[in-house]
Amino acid sequence: MFSNRSTSGRIGALAIAALAVPVVLAGCVPAPAGGTSTAVDFDGVQSATIQLQAEGTFIAPGTLDPVETGSRGSGFFIDSSGIAVTNNHVVTGAGTLKIWVGGDTDRTYGAQVLGASECLDIAVIQVEGKDFPHMEWFEGDIDAALDVYAAGFPLGDPNFTLTRGIVSKADIAQDFPWASLDHVIEHDARIRGGNSGGPLVTADGTVVGVNYAGNDALDYSWALHRDEVLAVLDDLKAGKPVLTIGANARAVAPDEQGSPLGVWISSVKAGGPADKAGIRPGDVIETMGGVTLAQQGTLEEYCEVIRTQGVDGVIDVTVYRPSDSGVYEGQINGSALELVGGGNGGDEPTPVGSFVTVTDDSDTVAVSVPDSWTQVVGVPTEANGVQFVNVTASPDIAGFNTSWSIPGVSISATENMSVTIDQYIESFSAGVSPECTDVEPGDYDDGLYAGKYLYFSGCGGGDSHFLALVTTDVTGTHQLLLTLQMVSESDKTVVLEEVLSTFEAVF
């Protein structure tokens, strides 16, 4: 039984699914209604080109600390319903997407990722709205010397740019640190960071490719060939996996001795194969299917294994985790990762750092959380006629709400005590038990709050733990419900103790 505010016992973690606390996407407005749009010509290219801002928590290659950041890229509509194409590295792992159409920054649109492939570095998204101007695909052969124009929003600038060049190589295979492609257009229409995902168009405004990389020093730019895109477009629109394990992946170049390091994972798609296997942002995949990765500093081997085994195939992986110096083995679409060498084996948790107090919007509910849990939502909600004040904190709230690989805490409090503690506990048990391998019930009393808890382990096919705690304050004025999702050993010890020592509601 948990009995005091300095307990170091272990409990589990997750979000309060029973309360359906919403994640609010800021700044999203509906698209303009009415009217019927047609495909644009060259003069309308700007109107059908979009700028994207992807916001989420990523761990950049060579670093250990998660950073909440927003990166910008370009894309373009391919039909009037809001279907748009961009690059995988622009959107995968993002918690939210913001869209601006044609350089108009006065209106912001929301979007959903329908499908993405890290090997092809392509993604298809659905922008909220309808009747958008859109582009059509170029028909006919794409030959060297064809005049082309690169459209987009480079360097995060809201000003639209269009650069001119010619196709120098019409169809080549090319491997990069972030993609492995069979069909690439090489051209000299200058592109820069932020142009990623924008269209490469002809003089009549039709699309021949999707820009994704450039080299200013050599005056080379590259675009994903139209035929490569069209071959997978329907599957991506339907949400079918295409050459992916659901990761934002980048090959880490070999060191000076020629020893390859592997493929760095900056972020993972919540609920995707990598996430389910226990792969985390900041991990380095060293081998897949028994093949050493990144031998030339590209994704070639990584993508060849996926092509050979299939996106649903069971693939053995070896993963190095710099955050704890551990080596893990497991499977994509199979057994979750387990520590096999190095690391601290869970005996010495990685230091958490400092803690900060977070509150709901009305300053009624408060709790102390790691300062790396920078995303906080504090909006009130109503469920079945019961009013709640809530606070949720996590490094990535979207990932916390949809996967088992992101830590976080949610607290809800109410003065309406019509629902009993046992009823809440029963609801948590029914909702969470199927996702976890073990559950330990118990009584809770810390002198300020008393109630019951459920402690789940082995959640999501991995080693995430989950606490569902339902309490009443000692004065009998309110109920407080707390869930805590714990991924690392530090979460299960240091963070757990801090949360249980500091949560409180004052009505």
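Let me sum up the structure you'll find in this document. Per chain, residue numbering runs from 1 following the sequence as it is written. Two thresholds apply to this predicted model, a pLDDT of at least 70 for residue-level local features and 80 or more for giving and counting side-chain atom pairs, whereas whole-chain, interface and lining totals are computed over all residues. The side-chain quantities take in all heavy atoms of the structure and omit both hydrogens and water.

So, the overall build of the chain
Along the backbone of the chain there are 7 helices and 30 strands. For the chain, the proportion of its 507 residues judged to be buried stands at 51%. Using the Shrake-Rupley algorithm and a 1.4 Å probe, accessible areas are obtained, with residue cover drawn only from the displayed protein chains. Surface accessibility of the chain: about 20200 Å² in total, with carbon and sulfur atoms responsible for 48%. Where helices and strands are cited, they refer to DSSP runs of H or I of at least four residues and of E of at least two residues respectively, numbered from the N terminus. When accessible area is computed with a 1.4 Å probe and restricted to protein chains, residues below 20% of their type maximum are described as buried, those above 50% as exposed, and intermediate ones as partly exposed.

Digging into helix H2 (residues 226-237)
One less than the residue count of a helix, multiplied by 1.5 Å, gives the span that helix is expected to have. The terminal C-alpha atoms of H2, which comprises 12 residues, lie 16 Å apart, in line with the 16 Å expected from a rise of 1.5 Å per residue. Every buried residue belonging to H2 is among Arg226, Glu228, Val229, Val232, Leu233 and Leu236, and all of these are buried. Relative to the axis of H2, the buried residues are bounded by an arc of 150° and lie together on one face. Residues of H2 that are exposed and point over 90 degrees away from its buried face: Ala231 and Asp234. The arc in question is the one spanned by the directions pointing from the helix axis to the C-beta atoms.

A look at the environment of Glu435
Along the chain, Glu435 falls in the loop between helix H6 (421-432) and strand S26 (438-445). Given a relative accessible area of 41%, Glu435 falls into the partly exposed group. Along the sequence, Glu435 and Gly458 sit 23 residues apart, while their C-alpha atoms lie 8.2 Å from each other. Any two residues whose heavy atoms approach within 4.5 Å are treated as being in contact. With residues up to four places along the chain from it excluded, the contact list for Glu435 reads Trp404, Gly458, Cys459, Gly460 and Gly461.

Things to note about helix H4 (residues 300-309)
Inspection of H4 places Glu301, Tyr302, Cys303, Val305 and Ile306 among the buried residues, and these make up the whole buried set. Residues of H4 that are buried in the fold lie against strand S9 (179-187), strand S13 (247-252), strand S14 (262-268), strand S15 (284-288), strand S16 (291-292) and strand S17 (315-321). Among the residues trailing H4, Gly310 stands out with phi positive, at a value near 85°.

Concerning the pairing of strand S7 (residues 147-152)
Of all 6 residues in S7, 5 are buried; the element is thus mostly enclosed. Only when DSSP finds a minimum of two bridges between them are two strands counted as paired. By the bridge criterion, 2 bridges tie S7 to strand S10 (residues 199-201) in an arrangement that is antiparallel. Directly across from Tyr149, in S10, lies its bridge partner Val201.

Remarks on the packing of aromatic side chains
Note on aromatic pairs: the rings of Phe, Tyr and Trp (six-membered ring only in Trp) are paired at centre separations within 6.5 Å, and the planes decide the class, stacked below 30 degrees, edge-to-face beyond 60, tilted for the rest. Counting across every chain of the model gives 13 aromatic pairs. Note on Phe76 and Trp137: the rings are 6.0 Å apart at their centroids and 70° apart in plane angle, and the pair reads as edge-to-face. Note that Phe76 is positioned in strand S2 (residues 67-77) and Trp137 in the loop between strand S6 (122-127) and S7, a separation of 61 residues in sequence. With respect to burial, Phe76 and Trp137 carry one shared label: buried. Ring plane angle 80° and centroid distance 5.7 Å describe the contact between Tyr109 and Phe132, whose orientation is recorded as edge-to-face.

Digging into the sheet that holds S7
Consider a sheet: its strands pair through backbone hydrogen bonds, and that pairing is either parallel or antiparallel. Taken together, the 6 strands give a closed barrel; going around it, the order is S7-S8-S9-S12-S11-S10, and neighbouring strands pair in antiparallel fashion. On average, each strand axis in the sheet is tilted by 50° relative to the strand beside it, whichever way the strands run. For S7 and strand S8 (residues 161-176), the ladder comprises 6 bridges, and the chain directions are antiparallel. Residue pairing across strands places Asp147 opposite Ile166, the latter belonging to S8. Comment: axis = line fitted to C-alpha atoms, over the contacting stretch for helices; angle = value between 0 and 180 degrees taken between N-to-C directions.

A look at the state of the cysteines
By definition, disulfides here are pairs of cysteine sulfur atoms that lie within 2.5 Å. Counted according to the given criterion, the structure contains 2 disulfides. Sulfur-sulfur distance for the disulfide between Cys119 and Cys303 comes to 2.2 Å. Looking down the S-S bond of the Cys119 and Cys303 bridge, the torsion is -105°, so its handedness is left-handed. Highlighted residues: Cys119 in the loop between strand S5 (104-117) and S6 and Cys303 in helix H4, separated in sequence by 184 residues. For the pair Cys119 and Cys303, one class covers both residues: buried. A sulfur-sulfur distance of 2.1 Å marks the disulfide that ties Cys436 to Cys459. A torsion of 105° about the S-S bond marks the disulfide between Cys436 and Cys459 as right-handed. You can see Cys436 sitting in the loop between H6 and S26 and its partner Cys459 sitting in strand S27 (residues 449-459), a full 23 residues away along the chain. Note on Cys436: relative accessible area 13%, which makes it buried. If you count the bonded cysteines of the chain from the N-terminus, they pair up as 1-2, 3-4.

Concerning the pairing of S17
When you tally the buried positions in S17, you get 5 out of 7 residues, the bulk of the element. Relative to S17, S15 runs antiparallel, the two being bridged by 4 bridges. Bridge assignment links Met288 to a residue of S17, and that residue is Val317. Pairing geometry for S17 and strand S18 (residues 326-332), over 7 bridges, is antiparallel. Bridge pairing links Arg321 to Gly326 in S18.

Re the sheet that holds strand S3 (residues 83-86)
With respect to topology, 6 strands assemble into a closed barrel ordered S1-S2-S3-S6-S5-S4, the strand pairing being antiparallel. Each adjacent strand pair in this sheet contributes to an overall mean axis angle of 40°, direction not counted. Note: S2 against S3, 2 bridges, orientation antiparallel. Its bridge partner lying in S3, Phe77 is registered against Ala84. In the packing of H2 onto the sheet, contacts are made with S3, S5 and S6, and the angle to S6 comes to roughly 45°.

Things to note about the layout of surface pockets
Note on definitions: the grid is 1 Å and covers protein atoms alone; a cavity is a set of points where a 1.4 Å probe fits but cannot get out; a pocket is an open set with protein on both sides within 12 Å along at least five of seven lines; lining residues have an atom within 4 Å of a point. Grid points are joined across faces, edges and corners, and a volume is the space filled by probe spheres set on the points. If you add up the space inside the second largest pocket, you get close to 690 Å³. In this structure, the second largest pocket is lined by 28 residues; those nearest its centre are Ser71, His89, Val90, Ser196 and Arg250. For the lining of the second largest pocket, the secondary-structure elements that each account for two or more residues are S2, helix H1 (88-91), strand S11 (207-215) and S13. By residue number, the principal contributor to the lining of the second largest pocket is S2, which donates 5 residues. Residue composition of the lining of the second largest pocket, by class: 11 nonpolar, 12 polar and 5 charged. When residue character is reported, Ala, Val, Leu, Ile, Met, Phe, Trp, Tyr, Cys and Pro are called nonpolar, Asp, Glu, Lys and Arg charged, and the others, Gly included, polar.

A closer look at unusual backbone geometry
You will see that Asp121, though not glycine, has its phi angle at about 50°, which is positive. Inspection of the secondary structure assignment puts Asp121 in the loop between S5 and S6. Notably, Ala145 is not glycine yet its phi reads approximately 80°, a positive angle.

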